[in-house]
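As a plain string of letters, each chain reads:
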Amino acid sequence: MTPLGIYIHIPFCNSKCAYCDFYSRCGTKNEYNEYTEALINHILEAQMRSSDYVVDTIYFGGGTPTAIGEKNLIKILAAVYRSFRVDDGCEITCEANPNSVTLRGLKKLRRAGFDRISFGMQSADASELRVLGRTHTFEDVKTAVEWARKAKFSNISLDLMYGLPSQSIESFLDSLDAAIGLMPEHISCYSLKLEEGTPLAERPETLFLPSDDEQADMYLAAVTRLRDEGYEQYEISNFAKEGKLSRHNMKYWTLGEYWGFGPSAHSLVGRKRFSYIRDTALYIDAMHTHGEVIDRIETINDSGRCGEYLMLGLRTAAGISGDVLEKKYLTYFDEIEKVLLKYHKTGHTDFDGHNWRLTPEGFLISNRIIGDALDALEESEHLVRPLNGYIRKD
Amino acid sequence: MAKKENIRNFCIIAHIDHGKSTLADRLLEHCNAVTEREMENQLLDDMDLERERGITIKARAVRLDYLADDGETYVLNLIDTPGHVDFNYEVSRSLAACEGALLVVDASQGIEAQTLANTYLAIEHDLEVLPVINKIDLPSADPERVKGEIEDIIGIPADEAPAISAKMGINIHDVLEYAVKYIPAPKGSEKDPLRAIIFDSRYDSYRGVIVYLRVMEGEIRPGMKIKLMASGAEFEVVETGYMLPRGEKKTDVLSAGEVGFFTASIKNVTDTQVGDTVTGYDNPASEPLPGYRTVRPMVFSGVYPADGAKYPDLRDALDKLKLNDASLTYEPESSAALGFGFRCGFLGLLHMEVIQERLEREYNLDLITTAPSVIYKVKKTDGEILQITNPLNYPNPSEIEWAEEPFVAASIISPTEYIGNIMELCQERRGEYKDTKYLDQTRVELHYNLPLNEIIYDFFDALKSKTRGYASLDYELSGYRKSDLVKLDILLNGDPVDALSFIVHSEKAYARARRLAEKLKEHIPRQLFEIPIQATIGSKIIARETVKALRKDVLAKCYGGDITRKKKLLEKQKEGKKRMRNLGSVEVPQDAFMAVLKLDE
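Residues numbered from 1 in each chain as written. Chains lettered and ligands numbered in written order. Predicted model: local features only at pLDDT ≥ 70, side-chain atom pairs only at ≥ 80, totals over all residues. Heavy atoms only, no water.

Once that is clear, we can look at the overall build of chain B. Scanning chain B from N- to C-terminus turns up 14 helices and 32 strands. Taking as baseline every contact in chain B between residues at least 6 positions apart, the subset at least 24 positions apart corresponds to 69%. With the model as given, the accessible surface of chain B reaches about 24900 Å², and the carbon-plus-sulfur share is 47%. (Helix = DSSP H or I, 4+ residues; strand = E, 2+ residues; numbered from the N terminus. Contact = heavy atoms within 4.5 Å. Areas by Shrake-Rupley, 256 points an atom, 1.4 Å probe, with all protein chains shown as cover.)

The secondary structure content of chain A amounts to 16 helices and 15 strands. In chain A, which comprises 394 residues, the share counted as buried stands at 58%. A fraction of 70% describes how many contacts in chain A between residues 6 or more apart in sequence connect residues 24 or more apart. Accessible surface, chain A as shown: approximately 16800 Å² in total, 51% of it carbon and sulfur. (Buried < 20%, exposed > 50% of the residue type's maximum accessible area, 1.4 Å probe, protein only.)

Moving on, we come to the packing of helix α3 (residues 70-83) of chain A against helix α4 (residues 103-112) of chain A. Residue and element names in this part refer to chain A. Viewed as axis vectors pointing N to C, α3 and α4 meet at an angle of 10°, and their least axial separation amounts to 10 Å. Considering their axes alone, α3 and α4 lie roughly parallel with respect to each other. On α4, the residues that touch Glu70, Leu73, Ile74 and Leu77 of α3 are Gly105, Lys108, Leu109 and Ala112. Residues of the contact of α3 with α4, tallied by class, amount to five nonpolar, one polar and two charged. (Axes fitted to C-alpha atoms, helices over the stretch in contact; angles between N-to-C directions. Parallel < 35°, antiparallel > 145°, perpendicular 65-115°, else oblique. Nonpolar A, V, L, I, M, F, W, Y, C, P; charged D, E, K, R; others polar.)

Here we come to helix α14 (residues 334-345) of chain A. Residues and elements named next belong to chain A. Along its twelve residues, α14 runs 17 Å from first to last C-alpha, staying within 8% of the 16 Å computed at 1.5 Å per residue. Those residues of α14 lying buried are Asp334, Glu335, Ile336, Val339, Leu340 and Tyr343. Following α14 by one or two positions, Gly347 adopts a phi angle in the positive range, close to 80°. (Expected span 1.5 Å × (residues − 1).)

The next subject is a negative patch on the surface. Residue and element names in this part refer to chain B. A grouping of Asp307, Asp313, Asp316, Asp319, Glu360 and Asp366 is seen on the molecular surface, where their side chains present a negatively charged patch. The biggest single contributor to the negative patch is helix α7 (residues 311-324), with three residues. Relative to the assigned elements, Asp307 resides in the loop between β16 (299-305) and α7. (Patch = residues over 30% accessible without salt bridge, like charges linked within 9 Å, V, L, I, M, F, W, Y side chains within 5 Å. Salt bridge = Lys/Arg side-chain N within 4 Å of Asp/Glu carboxyl O. Lys, Arg positive; Asp, Glu negative; His and termini not counted. Charge placed at Lys NZ, Arg CZ, Asp CG, Glu CD.)

For the rest of this paragraph, the subject is the environment of Leu245(A). Residue and element names in this part refer to chain A. When you line up the elements, Leu245 lands in the loop between β8 (238-240) and α10 (247-253). On a C-alpha basis, the gap between Leu245 and His186 in space is 6.8 Å, while along the polypeptide they are 59 residues apart. Residue contacts for Leu245: discarding those within four places in its chain leaves Glu91, His186, Tyr234, Ala240 and Met250.

Residues and elements named next belong to chain A. A sheet is described by the order of its strands in space; here three strands give the open sequence β13-β15-β14, paired in antiparallel fashion. Unpaired on one side and paired on the other, β13 (320-321) and β14 (349-351) mark the two borders of the sheet. In terms of strand pairing, β14 meets strand β15 (residues 355-358) through three bridges, oriented antiparallel. Bridge assignment links Asp350 to a residue of β15, and that residue is Arg357. Contacting β13, β14 and β15, α14 crosses the sheet at an angle of about 110° to β14. (Pairing = 2+ DSSP bridges.)

Turning next to the pairing of strand β32 (residues 586-589) of chain B. Residue and element names in this part refer to chain B. With four bridges joining them, strand β31 (residues 580-583) and β32 adopt antiparallel strand pairing. Among the inter-strand pairings, Leu583 is bridged to a residue of β32, identified as Val586. The turn joining β31 and β32, which pair antiparallel and follow one another in sequence, is formed by two residues; a positive phi near 60° is taken by Gly584.

Moving on: the packing of aromatic side chains. By the definition in use, this model includes 21 aromatic pairs over all chains. By way of ring pairs, the aromatic residues Phe12(A), Tyr32(A), Tyr35(A), Phe84(A), Trp259(A), Phe261(A), Phe274(A), Tyr276(A) and Tyr283(A) are connected into one cluster. In this structure, Lys377(B) is placed above the aromatic ring of Tyr480(B), and the distance from its NZ or CZ to the ring centre is 4.1 Å. The ring of Phe407(B) has Arg481(B) lying over it, and the distance from NZ or CZ to the ring centre is 4.3 Å. (Phe/Tyr/Trp six-rings, centres within 6.5 Å; stacked < 30°, edge-to-face > 60°. Lys NZ or Arg CZ within 6 Å of the ring centre and 35° of its normal.)

This next bit is on unusual backbone geometry. Trans peptide bonds make up most of the peptide bonds, and negative phi angles are found at most residues other than glycine. Residues and elements named next belong to chain A. A cis amide bond links Gly62 to the next residue, Gly63, at an omega of 25°. Structurally, Gly63 can be placed in the loop between β2 (53-62) and α3. The phi torsion at Ser166 lies on the positive side, around 60°, for a residue other than glycine.

Let us now look at the pattern of salt bridges. Residue and element names in this part refer to chain B. Taken as a whole and assessed by the stated rule, the structure comprises 54 salt bridges over all chains. Lys521 is paired through a salt bridge with Glu545; the nearest N and O atoms lie 3.7 Å apart. Here Lys521 is found in helix α12 (residues 506-523), whereas its partner Glu545 is found in strand β30 (residues 540-547), with 24 residues between them in sequence. Among the charged side chains, a salt-bridge network with shared partners connects Glu405, Arg430, Glu454, Lys508 and Arg512.

Bringing the sheet that holds strand β15 (residues 277-280) of chain B into the picture now. All names here are of chain B. Read across the sheet, eight strands follow the order β10-β9-β15-β6-β7-β14-β11-β12 without closing on themselves; strand pairing throughout is antiparallel. Since the sheet does not close on itself, it has two edges, and those belong to β10 (234-236) and β12 (248-251), each with one partner. Across the sheet, the axes of successive neighbouring strands diverge by a mean angle of 40°, strand direction being ignored. Pairing geometry for strand β6 (residues 195-204) and β15, over two bridges, is antiparallel. Directly across from Ile197, in β15, lies its bridge partner Thr277. Its contacts with the sheet put helix α3 (residues 88-96) on β6 and β7 (208-217), and the angle it makes with β6 is roughly 125°.

Turning our eyes to something else, we now look at the interface of chain A and chain B. Facing the 47 residues of chain A at the interface are 28 residues of chain B. Taken over both partners, the interface formed by chain A and chain B buries close to 3500 Å², and the fraction arising from carbon and sulfur atoms is 50%. On the chain A side of the contact with chain B, Asp213(A), Asn367(A) and Arg368(A) bury the most area, a combined 19% of that side's loss. Here chain A and chain B share seven salt bridges between them. (Buried area = accessible area lost by both parts, 1.4 Å probe.)

Further remarks concern the packing of helix α7 (residues 169-181) of chain A against helix α9 (residues 212-228) of chain A. Residue and element names in this part refer to chain A. The interhelical angle for the contact between α7 and α9, taken along N-to-C directions, is 30°, at an axis separation of 10 Å. Judged on the interaxial angle alone, α9 and α7 are roughly parallel. In this structure, α7 crosses over α9, and the sense of that crossing is right-handed. Mapping the contact onto sequence places Ile169, Phe172, Leu173, Leu176, Asp177 and Ile180 in α7 and Asp217, Met218, Ala221, Ala222, Arg225 and Leu226 in α9. (Left-handed = near helix turned anticlockwise from the far one by under 90°.)

Reading predicted coordinates in detail is not appropriate for stretches of low pLDDT. Averaged over every residue, the pLDDT of chain A is 92; residues scoring 70 or more account for 97%. Mean pLDDT across the secondary structure elements of chain A bottoms out at helix α2 (residues 47-50) of chain A, with 81, and peaks at β8(A), with 98. (pLDDT = per-residue confidence, 0-100.)

Next up on the list: the confidence of the model for chain B. Residue and element names in this part refer to chain B. Looking at chain B as a whole, the pLDDT averages 86, with 93% of positions reaching at least 70. Scored below 50 in pLDDT, residues 41-45 shows 23 contacts in the model against residues more than four places distant or in partner chains. Confidence over residues 53-59 falls short of pLDDT 50; this stretch has 34 contacts with residues more than four positions distant or in other chains. Scoring the predicted complex yields pTM 0.69 and, for the interface, ipTM 0.86.

A cluster of like positive charges, contributed by Lys107(A), Arg111(A), Lys150(A) and Lys152(A), occupies part of the molecular surface. Position of Lys150(A) among the secondary structure elements: in helix α6 (residues 138-150).

The tendency in soluble globular proteins is for nonpolar side chains to be buried as a group. Counting residues in each nonpolar core, the largest one holds 117 residues, and the members touching the most others are Ile6(A), Ile8(A), Ile58(A), Phe84(A), Phe119(A), Trp259(A) and Phe261(A). Ranked by the residues each element gives to this core, the list is headed by α9(A), at seven residues. Three or more residues apiece are contributed to this core by two domains, here domain 1 (2-253) and domain 2 (305-392) of chain A. Those residues in contact with Phe261(A) that sit more than four places away from it in its chain are Ile6(A), Tyr7(A), Ile8(A), His9(A), Leu39(A), His42(A), Ile43(A), Ala46(A), Phe84(A), Tyr276(A) and Tyr283(A). In this structure, Tyr394(B), Ile503(B), Val504(B) and Leu520(B) belong to the second largest nonpolar core, which totals 82 residues. (Core = buried A, V, L, I, M, F, W, Y, C linked by side-chain atoms within 4.5 Å. Domains from an automatic or database assignment.)

This is the structure we're talking about:
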């Protein structure tokens, strides 16, 4: 049986952050219930396909999952259990805002089987939080983590952001230290990206954003600091204490299969990548009428799969292996290796005798390196190297 | 054959946008030369580009039959003239084919520099210049003021000038009567040996070159052997005829006074230069018609295909354009940065733009062009004199005894309020002030001597923006002057980029070098290592910028397993990469080469 991750999208938030372009909005209690019902229908419908799989990760993301209330979240989780075979050691994560949880609610979630909680902390600096449109304070984060511990969560993650308006490297490191001080098992560190159509992107020249160089310095300082504190980097933006990496997120980067439910949720099931329509009302409606919910669908062929292995694998600290490319994807590796070697000279890649990976400096320019590697892959596509054979183009 | 006393050969002179083509269309319509159904606006301008830019690039002629109020039928030959300073010579040859000119003046704008230049040209050719006041339908029209202006400035009577609106079709009849009444019939006897002036030619893949001409004396018939007096080429005439607004009519003969065409299985327009005199092979005229000169390109630029593999396509396209455009010159050149291309010579900036646009549109080529250059004359210390059109061939400073650059006499007409701005601009472009002439209380004509190489760098754009579009410019080459010129080279990461070198006056070198380095910095993306951009004269660095090493280009999040964004981003990146040129170790986007052509933006 194939392992499967389940993603549940909750497209609601109590307030919209200034940088966010994900699909979410504020709802009413009634809508929350309606939506929960629609999701449950959808999950039960998936039963037809579920017999091939064993679910080993479940992830509630958003939006703010806790916005719809713990009761609804637990009902949805129960539906997953009814529809799928769920592994005993299944990792079950819920995202939450630091000021959207209560001790009672957290306890309920924990009892229902949630074992991992991820708080959007973003910064410890009050004015930075204000610019982002976050409604919580660092005090809220502290309290939320305390409560989560009381509720017996032994796997807590905090999200941080760098490259914020007016942020200095010092203030960023202060936030990082504040986060480390709360002793979470996992820390994610994302750079702020201005997304078109968000309030923050309207007048970028007025934001005093740190330069690319300053942002690079922040990132590298964070990598060092986290390593010193025992957080191992396992992906561009993700760091974890030993054994605490997000197994669900790892699926995205290692071509593991996952099925996302809810509007705008993305899936990789078998060879198909698909996503559902973005509009919540239409999504709910489609669940009632058995209408069309697919927004986009694409079947990934062998070479597409190999490209994804390169593109996603190079995001991880494990990196990619020439052996896998040649033996699993039957792809000629030499051209790609040349690219990686070129970046090795500038300190952007590393080779351990088996795997090629990007260094932290390399992660910072990963778009460039991955782009070059994919071009090399495209150029090698007409070259064939059968298993154990050494037929060269010359 | 038409009665000679009933022939009227004339052209229309107007500033861009003053309505020349619209008037031509109305005249055609009025003579029932075209039915309304056939009427497509502006029949005479048949190139897309001409229609878009509102200018005529190539001259053409049509013959109309007009039944006048006096009961006589007149033959009207309307010869269109190119409407831009770059094509001054072609204008003059078109004028030489006429006895009269309709001078179209916008009833609200009044006279402009180009109108004046072409009017003087017409007067020089002894043409009867008949003013026509157009656009009287506009609320701001003031025909009486404009008539006064014509009399004061040009000194020709304007009291009988028809006030018309070509657009609305008002008073078109008056224009035709006026033309028939005042334009003299052609002189010249059909008994004399043949002399005809070529004013245009066009290549047709079935018939060879179609030569447009005006017969001054004698006759030309199919089967006759002819000779071109300047080029010395000889041909046997295959067909003669004249053009109708739609199609053409073949004739047995074209006689003195008539305007038409002939074909003679001519393979190349270079054999039939505009201005050349056609005469009989057996009974030649003793003297050619006056005024012929070879057209020489004034502005040069390297033209390269963006995709090196398209070089043969570019060559074919230039070959084809050349069939119709004797003034275009090109020869192969190669650049370390841009690969194989051509050094092309153009009459002027507009001609250059037109050719580049035609190459891109009609031949679907993606081009990179280098900064335009003029012809510099350099005397080397060993006595050799060089004519330099490509900065790469500029000798070392130590080998130069003197260098000269071409100057133009420029005339700028503008409302008086912009005098200060114009003077400032001309000053800044190393202009030498000659004089100011007040045309009336509100308008002024400024005369400057300007180096041509200052005009070819966005002078038009600067003039327009400094006068809110009101000023008009005309210029002609006035000769060469000694000048303190230097060659500026650009080094990227220590390596010279040949395609970016240019020749500049030493006083301008620092400012331009600085601006160029800044502009390149804006356009060259950060790469794995730091890239110094240096501008040098000889071995001396006069400007420097640095493109810092790339440190951050990352998509932080693959949210909820959505990898489509990431894929899109990588595709976009790939598109960008295709537009890069590898210069040694540095990747330079193609638009960087184009951006340095527009330093003032």
